[in-house]
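# Per-entry structural report
This is what each chain is made of:
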Amino acid sequence: MNKVGLLISFGLIGAGLLWFLIRAIRGQEVERRIIFVFIGLAVAVPILFNITFSEKASPIVEAVYDKIENLSSGSKILISYDYGPSMAPEVEPMSNAFLRHSLAKGHKVYIMGLWATGQSLAGAAIENIVKKEFPEKVNGVDYVNLGYKAGNQGVLNVIITDIRKMYLTDVAGVNLDSMPIMKNVKSLRDMDLLISVGGGLPGVKEWVQFAGDPGHIPMAGGSAAVSAPLLYPYWPTQLVGLLGGIKGAAEYESELVRNYPRFAKMPQPGVKMMGPQTLAHLVIMAFIVIGNISYFIIRRRQG
Amino acid sequence: MKLKILMLCCIMFLGAVSAGLAQGNIDTSSQTTTPTISPPASPGNLRAKDTPNDNGHSITLSWDLSSDDGSGNKSVLGYKIFRSTNRDSGFVERGVSPSGSKEYVDLGGASAEENDYMPNNSDYYYKLRAITADSMIFAEMAIFGPIQTTGQWYNTSRTLILLFVLLFTSLMVYFIVKARKGANLFVRKLAGIEAVDVAIGRATEMGKPILYVLGLGTAADIATIASFTILGRVAKKVAEYQTGLIVPCNDPIVMTVAQETVRASYLDAGRPEAYKENMVYFATSMQFPYVAAVNGTMLRELPATNIYMGKFYAESLLLAETGALAGSIQIAGTDEVAQIPFFVVACDYTLIGEELYAASAYLGREPVLLGSLKAQDYAKAAIIVLAIIGMIAANFHWNNFTEIFHITN
Amino acid sequence: MSGSRPWGKIILFSSIALFVISWLIKAGVLSSTGGVTDISVRDAFFVTLAAFLTLAILSFLYKDNPYYKFAEHLFVGVSAAYWMCVGFWSTFVGNFIPRVSSTLSGFFGVPFKEFNVFYLIPLILGVMLLMRLSSKTGWIARWPLAFIVGTTAGLNLIRYLRSDFVNQVSNTFVPLLVEWKGIGPFFSGFSLSASGQFTLSLTNWVIFVGTFCGLVYFFFSKEHKGFYGGASRLGIWVLMVTFGASFGYTVMGRVSLLVGRLTFLFQDWLGLIS
């Protein structure tokens, strides 16, 4: 970590917050655009100076890691790309980490999506990760991209009993029955683990309700931060584990790098984003404190 | 004598060689070889039954483990399952169960087009084989059968869900009937709804209009339907006080229903002539352009009161922040849990989740709404009682009770 | 007012000039470095365009301006067209045509499944739904809408009862005294670790009491007074803590998106970071 960058960040922001505090004590208003500038600085400076912090997996994230790690090699893992470009900065590190981990363990990976935009993002992941980092993996043998199907939860309702009622071919038009990976795979119940990555509708909740729960199939989730609190009630009985937001992604990446030296040089966008994330959160917390101080001072003066 | 002994030895030797060749245990091309794995003990007590609570095409097998599975010689790697429609021949491998497992579900296809079609009401025979690392060394059980698959009309594992459905439906019907007969079903006051009247009065005094936002839901969403009832009440008050009302809509059907609601309210208030078509208008159906349109209205018209009732998403904070900038009193209500924090922070009053539905029942006093609300309340009471009993059961390990709530299929 | 027009023109021409300069520099930089892929002038244009649109949207933080309006309208138009195409190709061509017509399936290059007469029903319902565009026949759209509402309610009833009701009720069956062996062993084996008896018991107390009081808050048939009022008050506190956590999570999500955008600007556009 760049210590100079850290000093500059804390120095700049600390000075600014002090100025805020003084104005707050004096009961003076602060232009909201200055607050925007501070948030911008709190995010931009750590990015420029590559400020990062070490991460340790929390139990809810570790549970997902352990599940994939402990499945015997050759197990079937389905990853559903249920997000679009608007959510990609948050959840793409998760989906990439799941893909790397599953392939490194020798599992069979089945890729699909309930979002139209998820299909192209899955394709990009295959091009950038599978083909480059795992050139020995063969499409149709070690992984398959089933693509997107319209219908939201309706798709899950069908493929929980028969995948071929929705998917006859993969995304490239190759017949599923000609692929060794699809042999003995009739429905979602043949999967050893389902992973949904997303944050909207349909998302992890729908996967739990329409696939994981009724099919008694182990289910894990990678969710955008907005939806994560709504999914905590499902853990640990209905969800094996959950990665919530970029923090969850960073924790998973750290765990992966710690246990797999081959990934030491892989990009870790989750961990990288936690630097600016941490600073921005500290600034917001400081704003809340300063705002409350100002509120009580003004109230006392008026009283 | 010696010749007789020699001849006897030769005959015995020839007999042993013949027997060894017949069994294939003697490799005549090489010296003696001994097998490295001894045949495992046979698993026992193979049983098969029609898999319960399904549409058929499935048999569940169970057996007792081989004594060499995990103990003894520890040579058992798993169990191979074979099936045939004929007792004597035609056995086909159906799958492999790993060592330590005592059960296997043989699931076949449901339609004739499928490769592994397994029709119902047909006889099936099974045999089980404990396998080792050497494919030639295994132990096989006696054949079990015939067994047939059938589909069930009723899934017994979902009986609890059926009971809850019947319970809630009965409660709802009972309370709706009771409400229709004129019974006074009590609903406690809601702070947000009490504030609506105050806010309307404030708008009248200031001579500024009221902005009512129905959210981004469709006319089929419950939150939007609840919002229509509240809109009706607000419109009636607005008509009585002769205050302005602005209702920008995101969905054409919602706009149609909202127009009818407001028109009916003005009629009820005895001021049909005061109703204007452009009070309720369609802005756009896209999320953020809708927000831009509503924000523009707020900053131009400077309404005294903003009421947000319905389904909101990421635009909730944008709306509430702009309303705060415009200096309006803000009352919000939504069932989108992710957006409630933003309304709580930025608005003066917030109806949280179910309070929105309760508000529509409280204001409208319609028997269906009141009856449904009462039924929900009793259902909540039932959940509280069940939770207390379940907590006690968990403490005292009364598994019979807690297991009832584990739905297996 | 008349003074702002020259400023507007200056800003406009400056923006165009900066765009072109950025495009040329980016194309030059990319073609000289080569990189893993052979990025062309076209790709440099798109990177520059994406950067300018990002800055245009962010300019709204200062105040509303024509650049923001342009970027927003462009986004609205492109996304409307995109979703229309996706809707046609994924729903109509992907799900409907393979089940009704082998000729059309061949034309669109999708595998034909088999003719299923039941798939004509959603076609008819879809046409009925489009009737809402006409004021005279708009009432017809209520029937498929009623069908959609009823079907969704029926499908969801069992799912929600199972996953969000029965299973969640079951999840509140938690022992308040985990692995209780008596007061002596409790204090002698006291531990603050996550898997320790104290922590687990405290967790279960929070789950049970929080669920209980939260449910009490949403009970509308009784006034919030006395013990009931106290439990309701605790319930709303639990709810507010939840909303605070949800708020914090959402802030994290929004900041993540900002980080993503700034990373794009610094890395892909300006090349300040590797």
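For every chain, the first residue of the written sequence is number 1, and numbering continues from 1 onward in sequence order. Just so you know, chain letters begin at A and ligand numbers begin at 1, following the order they were written in. At least 70 in pLDDT is required for a residue's local features to be given in this predicted model, at least 80 for side-chain atom pairs to be given and counted, and no such filter applies to totals for whole chains, interfaces and linings, which use all residues. Side-chain calculation: all heavy atoms of the structure are included, whereas hydrogens and water are not.

### Re the overall build of chain A
Convention followed: Labels follow the DSSP assignment, with helices taken as runs of H or I lasting at least four residues and strands as runs of E lasting at least two, numbered in each case from the N terminus. For every residue, the accessible area obtained with a 1.4 Å probe (protein chains only) is divided by the maximum for its type, and the residue is called buried under 20%, exposed over 50%, and partly exposed between those limits. Contacts were defined at the residue level, with two residues in contact if any of their heavy atoms lie within 4.5 Å. Where accessible areas are quoted, they stem from the Shrake-Rupley method and a 1.4 Å probe; at the residue level, only the protein chains shown are allowed to cover. Under the convention used here, Asp and Glu are negative, Lys and Arg are positive, and both His and the chain ends fall outside the count. To locate a charge, the coordinates of NZ of Lys, CZ of Arg, CG of Asp or CD of Glu are taken.
Across its full length, chain A holds 10 helices and 6 strands. A principal-axis box enclosing the C-alpha atoms of chain A has dimensions of 75 × 40 × 30 Å. Counting all 303 residues of chain A, 54% fall into the buried class. Within chain A, counting contacts between residues at least 6 apart in sequence, those at least 24 apart form 75% of the total. Of the roughly 12,300 Å² of accessible surface on chain A, 59% is carried by carbon and sulfur atoms. Side chains of chain A carry 29 positive and 23 negative charges; the gap between the two charge centres is 6 Å.

### Examining the interface of chain C and chain B
By convention, interface size is frequently given as the accessible area that disappears when the constituent parts associate. Selection rule: When two parts are put together, the accessible area they lose, computed with a 1.4 Å probe and summed over both, is reported as buried area. We define a salt bridge as a side-chain nitrogen of Lys or Arg found within 4 Å of a carboxyl oxygen belonging to Asp or Glu. Two N or O atoms count as a polar contact when they lie within 3.5 Å, although within protein this holds only if one can serve as hydrogen donor and the other as acceptor, and sequence-adjacent residues are included solely when both atoms are side-chain atoms. In the scheme used here, Gly and all other residues not listed as nonpolar or charged are polar, with Ala, Val, Leu, Ile, Met, Phe, Trp, Tyr, Cys and Pro taken as nonpolar and Asp, Glu, Lys and Arg as charged.
On the side of chain B, 50 residues touch chain C, which itself brings 40 residues to the contact. In total, about 4,100 Å² of surface goes out of reach between chain C and chain B, with carbon and sulfur atoms giving 75% of it. Along the contact surface separating chain C from chain B lie 0 salt bridges. For the pair chain C and chain B, the number of links is 11 residue pairs in polar contact (both at pLDDT 80 or more). Per element, the largest residue contribution to the side of chain C that touches chain B is 11 residues, and it comes from helix α6 (residues 142-171) of chain C. Here the side of chain C that touches chain B is composed, by residue class, of 26 nonpolar, 8 polar and 6 charged.

### Observations regarding the sheet that holds strand β3 (residues 143-148) of chain A
Residue and element names in this part refer to chain A. Condition: When DSSP finds at least two bridges between two strands, those strands are taken to pair. Note on geometry: axes are C-alpha line fits, over the in-contact stretch for helices, and angles between N-to-C directions span 0 to 180 degrees.
The strand order across the open sheet formed by 6 strands is β3-β2-β1-β4-β5-β6, and the pairing between neighbours is parallel. Whereas interior strands pair on both sides, the edge strands pair on one side only; in this sheet they are β3 and β6 (241-244). Along the sheet, successive strands turn relative to each other by an average axial angle of 15°, direction set aside. Seen against the sheet, helix α5 (residues 116-133) touches β1 (76-82), β2 (108-113) and β3 and runs at an angle of roughly 160° to β3.

### Comments concerning the pattern of salt bridges
Note that side chains of opposite charge can pair when their charged atoms are close. Under the definition given, this model contains 26 salt bridges over all chains. Here Glu-321 of chain B makes a salt bridge to Arg-32 of chain A, at a shortest N to O gap of 3.4 Å. Of this pair, Glu-321 of chain B sits in helix α7 (residues 316-325) while Arg-32 of chain A sits in helix α2 (residues 32-48), which puts the two residues in different chains. Accessibility expressed as a relative area gives 31% for Glu-321 of chain B, which makes it partly exposed. Here Glu-133 of chain A and Arg-100 of chain A are joined by a salt bridge, their closest N and O atoms 2.7 Å apart. Placement of Glu-133 of chain A in helix α5 and of Arg-100 of chain A in helix α4 (residues 88-104) is noted, with a sequence separation of 33 residues between them. In this structure Arg-100 of chain A comes out as buried when scored by relative accessible area, which is 6%. One salt-bridge network, held together by shared partners, links Glu-55, Lys-247 and Glu-251 of chain A.

### Examining the pairing of strand β2 (residues 58-64) of chain B
All names here are of chain B. By the criterion of burial, β2 is predominantly enclosed, with 6 of the 7 residues buried. Note that strand β1 (residues 44-50) and β2 share 5 bridges and pair antiparallel. For Arg-47, the partnering residue across the bridge sits in β2 and is Ser-62. As defined by bridge partners, β2 adjoins strand β5 (residues 103-107) across 5 bridges and the pair is classed as antiparallel. When the sheet's bridge partners are listed, Ser-62 is paired in β5 with Glu-103.

### As for the domain arrangement of chain B
Residues and elements named next belong to chain B. Stated precisely, the cut-off is as follows: What counts as a domain boundary in this text is fixed by an automatic or database domain assignment.
Entries for chain B in the domain assignment read domain 1 (44-147), domain 2 (156-180 + 370-405) and domain 3 (191-365). A separation of 35 Å is found between the C-alpha centroids of domain 2 and domain 3. Across the boundary between the two partners, domain 2 contributes 4 residues, which contact 4 residues of domain 3. In total, domain 2 and domain 3 occlude about 400 Å² of area from one another, counting both sides; carbon and sulfur atoms represent 60% of this. Taken together, the links from domain 2 to domain 3 amount to 1 salt bridge. For the salt bridge of Lys-380 with Glu-354, the shortest nitrogen-to-oxygen distance reads 2.9 Å. In the side of domain 2 that touches domain 3, the residues fall into 2 nonpolar, 1 polar and 1 charged.

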